[in-house]
Amino acid sequence: MTPFGEAIRRLRAERGITQRQMAAAIGVSPAYLSALEHGNRSEPSWEFVQRVIGYFNIIWDEAEELQMLAGLSRPKVTINTSGLSPKATEVANKLAAVIDRLDGPTLERIEALIDRDGPASDAHKGANQPHKPKDKRSQ
């Protein structure tokens with residue numbers, strides 16, 4: 001399940017709405033909505049996210065959070081380490097090899113380390129872009 005899928009499922013449960021009802025209302029198939037919730041579909045489009053926001057009548061912070069979660073919900077992530085250090089490539093590959101075995105607290109610690117360098121909303125924008133090291137002279 002993706003963060004966006006989990007959020008949709010929570011919103012539906014809070015309001016007592018089935019996948020079939022929501023799918024019909026926003027113009028997608030129940031199978032698509034199910035696949036999106038379970039992480040079997042790619043990151044949802046901006047237009048789709050806007051339909052969900054409108055459907056649930058979400059405003060301000062909650063709408064912004066849902067948009068951010070959509071951007072963090074690519075179930076198949078590629079990390080481009082070309083041009084980076086051998087250590088960056090090694091760490092990326094090790095993480096890919098064990099991600100399915102990491103428990104919640106460990107994932108939270110990793111996320112905290114990542115977020116330490118900037119807000120999560122900035123981190124996902126360049127997820128497929130090479131990381132540019134900070135200039136040590138400006139610190």
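Residues numbered from 1 in each chain as written. Predicted model: local features only at pLDDT ≥ 70, side-chain atom pairs only at ≥ 80, totals over all residues. Heavy atoms only, no water.

S.K.: I'm lost on the environment of isoleucine 8 in this one. Help?
M.R.: Along the polypeptide, isoleucine 8 turns up in helix α1 (residues 3-15). Note: C-alpha distance between isoleucine 8 and methionine 22 (14 residues apart in sequence) is 9.9 Å. Apart from residues lying up to four places away in sequence, isoleucine 8 is in contact with Met22, Leu33, Leu36, Glu37, Phe48, Val52 and Phe56. (Helix = DSSP H or I, 4+ residues; strand = E, 2+ residues; numbered from the N terminus. Contact = heavy atoms within 4.5 Å.)

S.K.: Whenever I open this one, the packing of α1 against helix α4 (residues 46-56) confuses me. Can you help?
M.R.: Relative to each other, α1 and α4 sit at 20°, their axes nearing to 12 Å. The angle between the axes of α1 and α4 places the two elements in the roughly parallel class. Once α1 is placed against α4, the crossing between them reads as left-handed. Facing α1, whose interface residues are Phe4, Ile8, Leu11, Arg12 and Arg15, α4 presents Phe48, Val49, Val52 and Phe56. When the residues that make up the contact of α1 with α4 are grouped by side-chain class, the tally is seven nonpolar, no polar and two charged. (Axes fitted to C-alpha atoms, helices over the stretch in contact; angles between N-to-C directions. Parallel < 35°, antiparallel > 145°, perpendicular 65-115°, else oblique. Left-handed = near helix turned anticlockwise from the far one by under 90°. Nonpolar A, V, L, I, M, F, W, Y, C, P; charged D, E, K, R; others polar.)

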